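Coordinates in review
One-letter residues, chain by chain:
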Amino acid sequence: MKYSIKAGSPEKIVSDCIIVAIWDKGRLSEEAKVLDSASRKSVSKLVQSGDITGKLGETRFIYNAVGIAAKRILLVGAGDKKSLSSTTISKFFSTAFKVCRKLEAKSLHFSISSCEAKDKDKKWIASRLSQEAEMAGYTYTTTKSQTMKPWAAKSISLSPSTGIQRKILDSAVKRGQAIGKAINRARELGNLPGNVCTPTYLAQQSVSLAKSNRSLSTQILSEKQMARLGMGSLLSVAAGSAEEAKLIVIHHNGAKTDSRPYAIVGKGITFDTGGISLKPGGGMDEMKFDMCGAASVIATMGCIAELRLPINVVGVVAAAENMPGSKATKPGDVVKSMSGKTIEILNTDAEGRLVLCDALTFVEKFKPRTVIDIATLTGAAVATFGSHVNALLSNNNELAASILECGQHSLDRAWQLPLWDDYQSLINSNFADVANIGGPRAGTITAACFLSRFTEKQKWAHLDIAGSAWNSGAQKGATGRPVSLLVEYLSRQKA
Ligand code: BES
Ligand code: MN
Ligand code: ZN
């Protein structure tokens, strides 16, 4: 998609579709008023007939209006002007794209200079426009034989706003485009079936991503190399599978080599059967999404490289398949992690923490300033938060506060749970230094408690994305979260 800032009075804009806002109670936005008076009241007539009331999410087309250069006008309800916020603007865009997706319109123009969000600036609006457009353009087709007709739209333009330089709007649009594309990359990796998207596939994708970005480099560790490092915990998860586990390390070199990096670490279970603690059959297909943390790390690395962030970042993905093979780990087995701590595996379905703990120990060698891990870790997070929230737990308040704020900014929101010592005793073991489960209560917290035993020396935060990473039901598919949160966080950091 091509984006541009296009100036000019709305009625003179040449476009296949011009999009303007209608406020609630049928009040016309400034741009709608201009179109109305240029087109012999074509807009206000629709309002008077009650065809559009301005409720958020409503849409109406006007075709071939006299005196209007654009082929169609799309009126989009934007709700109460005074309460226009980042969430409503985002909904405004996604609604517009949803209906435009079905059109044979090659160019779209958003005439929305008068729309001001109470909590965000024009830069944010411009970047959200292109992010939503990219997201709207994605459909999963890879393993379907009937290919969908691609979206006809080729160019999207935005009206300029007073008080903000065109250059700044341009770069905001570029940024949103990069974020939207990265979200789609994460969605695609998530949506691919487990027989395609294996640990080896994730490694190959990372290598080819690095080849197309000068600032990126990768290192792929085999099981043999991981064994040499003592990653007994990670390897115990892969033991039952014919697929080889991979530790994927991606470096973004945006600052001087001696500048300490920021680290992001993703859970990459390419399929989670539960292992010997086998999961029930219903809905098990959704456990192909158990690598969405990894997908968000890979996509974020690609995005920050494209944005040329002037910092160093290391992305680590712990990729394995959790299967009940004859060599699989059994409940009660004790393994030794890279940290030296021994782990009693009471449930082989609590495998995410087992691969992450070794990846978190591994990343210490880069002396990261902060470490964020991202994982579809617990069903308890889904029970607690449903699908709208990334669960956040951290051993550092400053880091947690920053992640919460970035979640608000990117509308990829997180909510914090306590990581109090009171919960630590739940993962005590009689046979090892720590047990890999903490019983049926407070599952998201005890999972984070487990990880915290391996991150004591780090400023660390954990995002449990079990609820937010994919949708179930008719809209089944990966969401690409929390790529936009991670990009926002890293964009705010300094070398
Ligand atoms: N990948 C699952 C978590 C999950 C379950 C995410 C359902 C989304 C939906 C994870 O590996 C897992 O199986 N966790 C167990 C942990 C339990 C055995 C302590 C869970 O949450 O049931
Ligand atoms: Mn599991
Ligand atoms: Zn899992």
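Quick look at the structure, then. Quick caveat, the model's predicted, so the values are computed rather than measured.

Conventions used here
- Each chain has its residues counted from 1, following the order in which its sequence is written.
- To read the labels, note that chains go from A and ligands from 1, taken in the order they are written.
- This being a predicted model, a pLDDT of at least 70 is required before a residue's local features are given, and a value of 80 or more before pairs of side-chain atoms are given or counted; all residues contribute to the totals for chains, interfaces and linings.
- Just so you know, side-chain values use all the structure's heavy atoms and leave hydrogens and water out.
- Only N, O and S atoms count as donors, using a 2.8 Å cut-off from the metal and 3.2 Å for Na, K and Ca, and because water is excluded some sites may appear unfinished.
- Only two sets of limits are used to name each site, 85 to 135 degrees for every angle of a tetrahedral four-donor site, and over 155 degrees for opposite donors with all other angles from 65 to 115 for a square planar four-donor or octahedral six-donor site, with any other site named irregular.
- The way it works is that DSSP assigns letters per residue, a run of H or I at least four long becomes a helix, a run of E at least two long becomes a strand, and they are numbered from the N terminus.
- A simple rule labels every residue: compare its accessible area, found with a 1.4 Å probe on the protein chains alone, to the largest value its type can have, and call it buried under 20%, exposed over 50%, or partly exposed in between.
- Two strands form a pair only when DSSP identifies at least two bridges running between them.

Attention now moves to the coordination of the manganese ion (ligand 2). Taken together, Asp-272 (OD), Asp-349 (O), Asp-349 (OD) and Glu-351 (OE) make up the full set of protein donors to the manganese ion (ligand 2), lying 2.0 to 2.2 Å away. Coordination at the manganese ion (ligand 2) is irregular, judged from the six donor atoms that bind it and the angles of 70 to 168° they form at the metal. Positions of the donor residues of the manganese ion (ligand 2) along the chain correspond to the pattern D-x76-D-x1-E. Here the manganese ion (ligand 2) and the zinc ion (ligand 3) are spaced 3.1 Å apart, linked through Asp-272, which binds each one. Residue Asp-272 is located in strand E10 (residues 262–272), and its partner Asp-349 is located in the loop between strand E13 (342–345) and helix H10 (352–363); the two are separated by 77 residues in the primary sequence.

Once that is clear, we can look at the pairing of strand E18 (residues 460–464). For a regular strand, side chains alternate in direction, first toward one face of the sheet and then toward the other. Most of E18 is tucked away: five of the five residues are buried. In E18, alternate side chains face the same way, and those of Trp-460, His-462 and Asp-464 on one face and Ala-461 and Leu-463 on the other are all buried. Where strand E15 (residues 390–394) and E18 come together, four bridges link them in antiparallel fashion. Looking at E18, one finds that Leu-393 is bridged to His-462.

Take the sheet that holds E13 next. Hydrogen bonding along the main chain pairs the strands of a sheet, whether they run parallel or antiparallel. Read across the open sheet, the three strands follow the order E12-E13-E17; overall the sheet is mixed. Pairing within the sheet leaves two strands with one partner each, and these edge strands are strand E12 (333–336) and strand E17 (434–435). Looking at chain direction, E12 and E13 are connected through four bridges and run antiparallel. From the neighbouring strand, Lys-336 faces E13, where its bridge partner is Thr-342.

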